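Listed below, chain by chain, are the residues.
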Amino acid sequence: MSSSTYVAPTDHAKAADKFMEDEERVNWHDKALWFIRQKRDVASKQLPEWELLRETASQIKQNVLSNLDTYLEEFERHAKQNGITVHWAADAAEHNRIVLDIIKRHGIQKLVKSKSMLTEECHLNDFLGDNGIDVVDTDLGERVVQLAQEPPSHIVLPCIHKRKEEVGELFHQHLGTEKGASDPAYLTEAARQHLREKFLTSDLAITGVNFAIAETGGFVVCTNEGNADMGAHLAKVHIACMGIEKIIPKAENLGVFLRLLARSATGQPITTYSSHFHRPRPDQEMHIVLVDNGRSIQLGRKDFYNSLKCIRCGACINTCPVYRRSGGHSYHYAISGPIGAILAPNMDMKKNADLPFASTLCGSCSNVCPVKIDIHNQLYQWRQVLSDGGYVPKTKKIGMQAMATVLSNPTIYRVAGKSGRFMMNLMPGLANMKAVNPWAKQREMPEPPKESFRDWYLKNKKKS
Amino acid sequence: MSSREAILNRVKTNKPAAVALPQTLAFPPVPADACIEKFARTVEAVGGTVVEVTNLAEIGAYLKKHYESPERVLNTVHGVGFGQELSGPIEDGHVLANLEIAVVTGSVGVAENGAVWVSEENLPTRVLPFITEHLMLVVAAENIVSNMHEAYVRLDVSAPGFGAFISGPSRTADIEQSLVIGAHGPKRAHVFILK
């Protein structure tokens, strides 16, 4: 199966328009994600040391990024001592080739794969499919989107954009469940039976990596479903794929990260399974693929390297008012939401120039980030970089330049404020006109105040 | 130049200024009784069932009462005295495909999240605690710690080739955020606290 039938929309705003056509679904989507954000709040508030954990996690990651080359070498040395084969891939194409070579060497036709955003980023499924390999995604949400021939719309909840009736129809077509059945427990049991057969008959398993420990040469994979373990422990060959930024210095650092990860992601105190792999079974081959794919470039961008601290919890996505009402597919990148919008331009500025604009800059993403990435600042800074580089449409650029001039000069700011109020009073239709001002599409402009705060302050100050 | 060299060179050139690793976090110890109580409450909250026992034979009695037939149980904990006892390794995990109940030793329990450390040293094969339909973990009360920091102080996670923190039965909420217990791993989990 190939997911090539899905054509990613190229502009966030246009794709969001399409998603918003189904208002009932948008409202549901919005509420479902906000519910998860609230669970995260409850979980985080149960730990008085929450802020200390965030700060410590951020500092550990800062240490990692500032010593990444030595940690990578240390990890490689220890992993090899543990009997794990270590591969290095400069980009997505090399990663995919390495994985295919291992598969071919064993004469394998089908494999099981647990969730790995890196393999999504590298489009591994399409590549293997084109080479005649049958890849079965085993995370329930990922299996759903795979059957629908779509990419995941969320890094933790891959099919959050689908209603249960749609999942029921997919399962009816592909797994033979009853027509019209949409009970999540019934559908989950059907998927369990369907995928158990795949686990038992696959000789090769691919997993992602949540953390790789330099000191011990092992790696940790976190799931709730147990699919990474079912795949890896039953397969003769285990391939774990990871971005180079997933390194942590010591096993004890896991104490900090595992306390933050699931609480930030879903509000659980920890994922059901936090599996620590250090050596292959005696009858097993274990491979690690260390993938750069743009990360070493991002590391050199002083305003943006912080994004490499990300532990892929999805908290910024759940809280984002734009994501919640535009859906993950509107971001047309493997990682959606605010974090995806600051990672994607590094990969391709032209293709992803729209993404940093898919934000209100409200800052909620930065507030919930467990490793304290200044996401909203980076969104703002990417806008400048993309605009300076000529990647931004002219209308947006002129507006931004005008805004920068107005905001950086107090006199112009006052004049512009006055003229804005004057114009809105004179011709309120202009500010509200949907064709000229896209911002006004679903909004009514407020009544302009009669005077600015400054005028009011100066007048009232004189009185007292 | 190999990709390995190219990546390492680029990282070396581009990495930010060196920053020290922060100190290990530690928090005031929690009294043992409070720890055990919190652990039991958290295991229940993540969908597990907690049974407190004073000796291993009590677990055997519990199993006999609730599950009657010893054929349904694969028991790896010596002293429980119920089910099919196993001492040696299992060569191929596939033979466990239809296993109903497994009894396994957990070496550390964590109060804050209900997780139990299960490692290869205590398993006849790695897949056992995942493939069984019903997982029963046995944890000694003195091995229950307050938080993950303490757990990592107690454990050498790289000593076994494989080990996992397991918190409750497997779960998913991928379909419309409805929580369903029993995804690919066990549908039910028991934790016996041995006092």
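The rules we used
Residues numbered from 1 in each chain as written. Chains lettered and ligands numbered in written order. Predicted model: local features only at pLDDT ≥ 70, side-chain atom pairs only at ≥ 80, totals over all residues. Heavy atoms only, no water. Helix = DSSP H or I, 4+ residues; strand = E, 2+ residues; numbered from the N terminus. Rg over C-alpha atoms; globule rule 2.2 N^0.38 Å. Buried < 20%, exposed > 50% of the residue type's maximum accessible area, 1.4 Å probe, protein only. Contact = heavy atoms within 4.5 Å. Areas by Shrake-Rupley, 256 points an atom, 1.4 Å probe, with all protein chains shown as cover. Lys, Arg positive; Asp, Glu negative; His and termini not counted. Charge placed at Lys NZ, Arg CZ, Asp CG, Glu CD. Core = buried A, V, L, I, M, F, W, Y, C linked by side-chain atoms within 4.5 Å. Domains from an automatic or database assignment. Arc of directions from axis to C-beta. Polar contact = N/O pair within 3.5 Å; in protein donor to acceptor, adjacent residues only side chain to side chain. Pairing = 2+ DSSP bridges. Axes fitted to C-alpha atoms, helices over the stretch in contact; angles between N-to-C directions.

A. Structural view of the overall build of chain A. Within chain A, the regular secondary structure consists of 22 helices and 10 strands. Over its C-alpha trace chain A gives a radius of gyration of 24 Å, about what one expects of a compact globule, namely 23 Å for 464 residues. Expressed along its principal axes, the backbone C-alpha trace of chain A runs to roughly 85 × 55 × 45 Å. For chain A, the proportion of its 464 residues judged to be buried stands at 59%. Sequence-distant contacts, at least 24 apart, represent 73% of the contacts inside chain A between residues at least 6 apart. When the accessible surface of chain A is summed, it comes to about 19,100 Å², and 55% of that surface belongs to carbon and sulfur atoms. Counting 59 positive and 52 negative side-chain charges, chain A places the centres of these two groups 8 Å from one another.

B. Structural detail: the nonpolar core. Counting residues in each nonpolar core, the largest one holds 143 residues, and the members touching the most others are A:Phe211, A:Phe219, A:Ile247, A:Leu290, A:Ile339, B:Phe165 and B:Ile193. Excluding residues within four positions of it along the chain, B:Phe165 makes contact with A:Thr272, A:Tyr273, A:Ser274, A:His276, B:Val110, B:Ala115, B:Val116, B:Trp117, B:Met148, B:Ala151, B:Tyr152 and B:Leu155. If you look at the next biggest cluster of nonpolar residues, it comprises 22 residues, including A:Cys122, A:Leu128, A:Val135 and A:Cys241.

C. Structural view of the domain arrangement of chain A. For chain A, the assigned domains read domain 1 (47-138 + 203-296) and domain 2 (409-463). A separation of 53 Å is found between the C-alpha centroids of domain 1 of chain A and domain 2 of chain A.

D. Region of interest: helix α1 (residues 12-19) of chain A. Residue and element names in this part refer to chain A. Restricting attention to buried positions, one finds in α1 the residues His12, Ala15, Ala16 and Phe19. For α1, the arc enclosing every buried residue in end-on projection is 105°, short of the 170-degree limit, so these residues lie on one face. Opposite the buried face of α1, by more than 90 degrees, sit the exposed residues Lys14 and Lys18. In this structure, the buried side of α1 is in contact with α2 (23-45) and α15 (321-326). Put simply, Asp11 is the residue that caps the front of α1, since its side-chain oxygen is 3.2 Å from the backbone nitrogen of Ala13.

E. How the structure looks around the sheet that holds strand β4 (residues 204-207) of chain A. Residue and element names in this part refer to chain A. Pairing within the open sheet is parallel, and its six strands lie in the order β1-β10-β7-β4-β2-β3. Every other strand in the sheet has two partners, leaving β1 (85-89) and β3 (134-137) as the edge strands with one partner each. Averaged over all pairs of adjacent strands, the angle between their axes in this sheet comes to 20°, without regard to strand direction. Pairing analysis gives seven bridges linking strand β7 (residues 237-243) to strand β10 (residues 285-291), with the strands arranged parallel. Bridge pairing links His238 to Met286 in β10.

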